Amino acid sequence: MTARTALVVSAHSADFVWRAAGAIALHAAQGWAVTVVCLSYGERGESAKLWRQPGMTLERVKTEREREARAAASVLDVADIQFWDLGDYPINLSEAAFYRLVDLYRSLRPDFVLTHSKEDIYNHDHPAVTDFAQHARITAQAHGHNPHQKVLGAPPVFLFEPHQPEQCNWKPDVLLDISPVWAKKRAAIECMAGQEHLWEYYTRVALQRGAQAARNSDKAITYGEGYQSVFPHVVERLG
Ligand SMILES: [Zn+2]
């Protein structure tokens, strides 16, 4: 039997770690093949600590960011991590990149998709990427696009928690228990040396979502990740 697959579309090379490392590690540990696409390195907008080093260049920042992201992906047992180097602040979501993502949807046939929130007043790359990722998914479902290929089904889409959710009109309707893989998420977070100021912040986020997950279930949950789903959940039963 072939492994089930998931696709994570990350605007910058660390977003998948803060926002989805738990989901990635959890599914990878269950034999899923998780593909992560980093559309850019976040080399201009999300690498402040690296830029404080004397003599830093754009190419060196990108190299360092790729090294960090690869280390994190390895900790999480990501099956495939891709770096598309589209630039950031602003990200250049070209037509070629769009059809490359459509092709990836059709070849990978993910069982679910993770990407950014629809709004983010602090970061305009993030909502641009969620629109791009969701539009590519719908094009991959279109029978008239490359009609000789098998069209994509309807993988559910879950939106990452943004940095300041209240300001981004993001509200979680899915709380994922990531307690069994928290050690892996924390280890992946610590691969992001260029953004050390976020390590404790995202540990607190995981504890908050874990407490909420415990409150909304009868389970002992310590660490969680929140997601906002885009489409209705299709279920076989309600309880
Ligand atoms: Zn980002």
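Residues numbered from 1 in each chain as written. Predicted model: local features only at pLDDT ≥ 70, side-chain atom pairs only at ≥ 80, totals over all residues.

Draft legend 1. Examining the overall build of the chain more closely. Within the chain one finds seven helices and seven strands. When the helices and strands of the chain are listed from N to C terminus, the series reads β-α-β-α-α-β-α-β-α-β-β-α-α-β. Against the globule reference of 18 Å for 239 residues, the chain gives a C-alpha radius of gyration of 17 Å, in line with a compact fold. Referenced to the eigenvectors of the C-alpha coordinate spread, the extents of the chain come out at roughly 55 × 50 × 35 Å. Pairs at least 24 residues apart make up 75% of the contacts formed inside the chain by residues separated by at least 6 positions. (Helix = DSSP H or I, 4+ residues; strand = E, 2+ residues; numbered from the N terminus. Rg over C-alpha atoms; globule rule 2.2 N^0.38 Å. Contact = placed C-beta atoms within 7 Å.)

Draft legend 2. Broad picture of the sheet that holds strand S5 (residues 157-159). With respect to topology, seven strands assemble into an open sheet ordered S3-S2-S1-S4-S5-S7-S6, the strand pairing being mixed. Looking at which strands have only one partner, the edges of the open sheet turn out to be strand S3 (80-83) and strand S6 (174-177). Adjacent strand axes in the sheet meet at a mean angle of 25°, parallel and antiparallel pairs treated alike. In terms of strand pairing, strand S1 (residues 5-10) meets strand S4 (residues 112-115) through three bridges, oriented parallel. The residue bridging Ala6 from the neighbouring strand is Phe112, located in S4. Sitting on the sheet, helix H1 (residues 15-29) is in contact with S1, strand S2 (33-38), S4, S6 and strand S7 (224-229), with an inclination near 175° to S1. (Pairing = 2+ DSSP bridges. Axes fitted to C-alpha atoms, helices over the stretch in contact; angles between N-to-C directions.)

Draft legend 3. Examining the nonpolar core more closely. By size, the foremost hydrophobic cluster in this structure holds 66 residues, and its most contacted members are Val8, Val17, Ala21, Ile24, Val36, Ala72 and Leu76. With ten residues, H1 is the single largest residue contributor to this core. Residues in contact with Val17, not counting those within four places in the same chain, are Ala72, Ala188, Ile189 and Met192. (Core = buried A, V, L, I, M, F, W, Y, C linked by C-beta atoms within 7 Å. Buried ≥ 20, exposed ≤ 12 C-beta atoms within 10 Å, placed from the backbone.)

Draft legend 4. Up close: the environment of Gly31. Relative to the elements of secondary structure, Gly31 occurs in the loop between H1 and S2. Through-space distance from the C-alpha of Gly31 to that of Ala79 is 9.9 Å; in sequence the pair is 48 residues apart.

Spatial relationships are all this shows, so hold off on functional conclusions.
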